[in-house]
Amino acid sequence: MSNKMPDISNENPSAHYQLHVVEHKKNAPKIVFLHGLGGTHRYWLSGLDRLRLHYHVILVDLLGFGDSDKPWTNYSKERHILALEQALAHLDHFLLVGHSMGAALSLAYTARSPHQVLGQILISLPYFTSKNKAFQWYRRTPSGWLMTNMLTAIITCIVTRRVVGKFLPRLLKHYPKEIAEDLLKHTFLSSTTSLWQVLYQSTLPSDVAKLPDNISTLCIHSRDDDSAQYETIASLVDEHRQWQLITLNNSKHHPWLWDNNTCVNAVISVMQDLAGEV
């Protein structure tokens, strides 16, 4: 079965796409949040009240997700970054917080636009140095095999949307209702090609190499994360003395949901450390 990208014709690489952005408390130090694959800006609502009292909080729906535009295109890392650059062009000196795929895009954005970003918090970053290593990690489980083949990934996405979609809030009772409701606010194309081109065909090592030394970087990762390998992040932090790591034990791939107080405290702490630079 094929692992090739769908052939999308008549693409305009410089097209302007509208991203849905929600902002709270302007004229305050700025924090930009980027959700992960299958998420929307509502992923961050837990614990947000503490932050929006004191900070200019900017919640972004990534291209192809939530209420943002969903063009018929390959959702490459470059296309995601271009859309983010257009949406965030009016901002400067902000902390960038990303989860999962949003963490990968945060890292890429910071490497490309360090003049805008004071620091970054990377939550559950899926860091792979090659597609083969990504496939090797995910194929430890049957679901991983399904999601590392383009055809079966597309079929899985379509079946989920059409067969079980309306039952997701009931099936995922342990998740906040808004997150379960928003799991289908994407297309099979935005989901699968983002998965392939942002995560599997990752160029994150080159993004890391481009980061200026003065960029504050904090990783938050749980040891039991079965979607993003903890050991690779621990090794990455060890290799970069200016990086820091908060290690959790029982938060799986969603520390923001299952250990929200730790995550919010970390954001506040980083913002306080950056206060002199804002």
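Above this text is the structure in question.
Conventions and cut-offs
Sequence order as written defines the numbering, with residues in each chain counted from 1. Per-residue local features of the predicted model are confined to residues with pLDDT of at least 70, and side-chain atom pairs are confined, for both listing and counting, to 80 or more; whole-chain, interface and lining totals are unaffected and use all residues. The side-chain numbers reported here are obtained from all heavy atoms of the structure, hydrogens and water having been left aside. In DSSP terms, a helix is any run of H or I states spanning at least four residues, a strand is any run of E spanning at least two, and both are numbered starting from the N terminus. Partly exposed residues are those whose accessible area sits between 20% and 50% of the maximum for their type, while under 20% is buried and over 50% is exposed, using a 1.4 Å probe and protein chains only. Any two residues whose heavy atoms approach within 4.5 Å are treated as being in contact. Directions are taken from the helix axis to each C-beta atom, and the arc is the one they span. To estimate how far a helix should extend, the number of its residues minus one is multiplied by 1.5 Å. The definition of a nonpolar core used throughout is a set of buried Ala, Val, Leu, Ile, Met, Phe, Trp, Tyr and Cys residues joined through side-chain atoms within 4.5 Å.

Caption draft 1: Structural detail: the overall build of the chain. Assigned secondary structure in the chain consists of 13 helices and seven strands. Sorting the 278 residues of the chain into buried and exposed places 53% on the buried side. Taking all contacts inside the chain whose residues are at least 6 apart in sequence as the whole, residues at least 24 apart take part in 79%.

Caption draft 2: Layout of helix α11 (residues 230-239). Of the residues making up α11, those classed as buried are Y230, I233, A234, L236 and V237. One face of α11 carries all of its buried residues, which in axial projection span an arc of 160°. Residues D238 and E239 are exposed on α11 and point more than 90 degrees away from its buried face. Buried positions along α11 lie against α10 (204-210), β6 (216-222) and β7 (243-248).

Caption draft 3: Quick look at helix α13 (residues 260-273). For α13, which comprises 14 residues, the first-to-last C-alpha distance of 20 Å matches the rise-based estimate of 20 Å (1.5 Å per residue) to within 8%. Among the residues of α13, N260, C263, V264, A266, V267, I268, V270 and M271 are the ones counted as buried.

Caption draft 4: Representation of the nonpolar core within the structure. Grouped together as the largest cluster of nonpolar side chains are 52 residues, with contacts concentrated most on V32, L84, L125 and W243. Ranked by residues supplied to this core, first place goes to helix α3 (residues 101-112) with eight residues. Not counting residues up to four positions away in its chain, the partners in contact with W243 are L107, L122, V208, L211, T217, C219, L236 and V237. By size, the runner-up hydrophobic cluster in this structure holds 28 residues, among which are W44, I123, W256 and I268.

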